[in-house]
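A structural walkthrough
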Amino acid sequence: MLFRSLEKNSQILGRDAVWTKKSAVSKLSPYLCIQYMRFFWKATPDSADHTGVKCKIMRPVSFTDTLDAFPYCDAKLQAAIKANRDRLGAKLDLDADKEPEPKKAKADDDATMEEPDEDLAAALALSMKAEALPEHAALLESCGLDKDFQGHYELFAIVTHKGRSADGGHYMGWVKREDGSWLVFDDDLVSESSWEFVQGLKGGGDEHMSYLQFYRAKKIGRASCRERV
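Described in the following lines is the structure provided in the data block. (Residues numbered from 1 in each chain as written. Predicted model: local features only at pLDDT ≥ 70, side-chain atom pairs only at ≥ 80, totals over all residues. Heavy atoms only, no water.)

Attention shifts here to the pairing of strand β9 (residues 182-186). Alignment of strand β8 (residues 170-176) against β9, held across 4 bridges, turns out to be antiparallel. Of the residues in β9, the one forming a bridge with lysine 176 is tryptophan 182. Hairpin connection of β8 to β9: 5 residues between the antiparallel strands, including glycine 180 at a positive phi of 95 degrees. Pairing of β9 with strand β10 (residues 189-193) involves 5 bridges; the strand directions are antiparallel. If you follow tryptophan 182 over to β10, its bridge partner there is serine 193. Connecting β9 to the next strand, β10, in antiparallel fashion are 2 residues, including aspartate 187 with a positive phi near 55 degrees. (Pairing = 2+ DSSP bridges. Helix = DSSP H or I, 4+ residues; strand = E, 2+ residues; numbered from the N terminus.)

Here it is, written out as structure tokens:
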């Protein structure tokens, strides 16, 4: 579940108020592409032409080689994933997977959009019933996923950007090999790298930093490349 605050007009309060919007993923894919927000438009009201400028966000953002999609799914997908985790022995810690609840505004100051939790509770309660298993498998297979999918994705490729300008700089590609090592594609030059180096591509300086990340769904019985070496 993803949370976002936005300001909307409240007819009850008769003014603008801060609302909490909740959204969830209803359908996954065998492959995921995560794009970091590295570039934005900055207003320049004090400049002569007031046109604004393009800027790059240099802030470091850490990442790991495994992405758990469970916290971002809706109740139906969570039920299917939880059933597989329980059935196949990968116990799910619901409290650990939950997104932190946003701070609620005072009742007399702001309005809050709330979604009932009954749907999630009912879906999870049915997740281990035998009659629900074919429905779970059908839902996952309709997404192009394995029927035993447990919600985990592994990182296998990255596109990085170097430079402070949104109009230029240098892009490079990083791809994981089957043995767990990494290859770096710098124009027509290809060299070897390692996960320890790749993990440092989080940003925070003038060197290459992750801009696009590509994940693929993990399959049951297939350990990640790092686990096999």
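That was the structure; now back to the text.
One non-glycine residue, aspartate 187, adopts positive backbone phi at about 55 degrees. By the secondary structure assignment, aspartate 187 is in the loop between β9 and β10. Relative accessible area serves as the criterion here: at 61%, aspartate 187 is assigned to the exposed category. (Buried < 20%, exposed > 50% of the residue type's maximum accessible area, 1.4 Å probe, protein only.)

The next point concerns helix α4 (residues 133-142). Along α4, the residues that are buried comprise His136, Ala137 and Leu140. The buried residues of α4 occupy an angular sector of 95 degrees when the element is viewed end-on, so they sit on one face. In α4, the exposed residues that point more than 90 degrees away from the buried face are Pro134 and Glu135. Of the residues trailing α4, glycine 144 is marked for its positive phi of about 85 degrees. (Arc of directions from axis to C-beta.)

With that settled, consider a nonpolar patch on the surface. On the surface, a nonpolar cluster with roughly 220 Å² of combined accessible area is contributed by Val175, Phe185 and Val190. Here phenylalanine 185 is to be found in strand β9. (Patch = residues over 30% accessible without salt bridge, like charges linked within 9 Å, V, L, I, M, F, W, Y side chains within 5 Å. Areas by Shrake-Rupley, 256 points an atom, 1.4 Å probe, with all protein chains shown as cover. Salt bridge = Lys/Arg side-chain N within 4 Å of Asp/Glu carboxyl O.)

It is worth spelling out the packing of aromatic side chains at this point. Within this structure, the stated rule accounts for 7 aromatic pairs. With centroids separated by 5.3 Å and ring planes inclined at 75 degrees, the aromatic side chains of phenylalanine 39 and tyrosine 211 adopt a geometry described as edge-to-face. Remark: tyrosine 211 occurs in strand β11 (residues 209-217) and phenylalanine 39 occurs in strand β4 (residues 39-42); sequence separation between them is 172 residues. Overall, tyrosine 211 belongs to the buried group, its relative accessible area being 15%. When the centroid spacing of 5.4 Å and the interplanar angle of 70 degrees are considered together, the rings of phenylalanine 149 and tyrosine 153 count as edge-to-face. (Phe/Tyr/Trp six-rings, centres within 6.5 Å; stacked < 30°, edge-to-face > 60°.)

Tallying each qualifying case throughout the model produces 10 salt bridges. In this structure, lysine 54 and aspartate 167 form a salt bridge, with 2.8 Å as the shortest nitrogen-oxygen distance. With lysine 54 in strand β5 (residues 53-56) and aspartate 167 in the loop between β7 (152-162) and β8, this residue pair connects regions lying 113 residues apart in the sequence. On the basis of relative accessibility, which here comes to 48%, the residue lysine 54 falls in the partly exposed class.

Keep in mind these values describe shape, not function.
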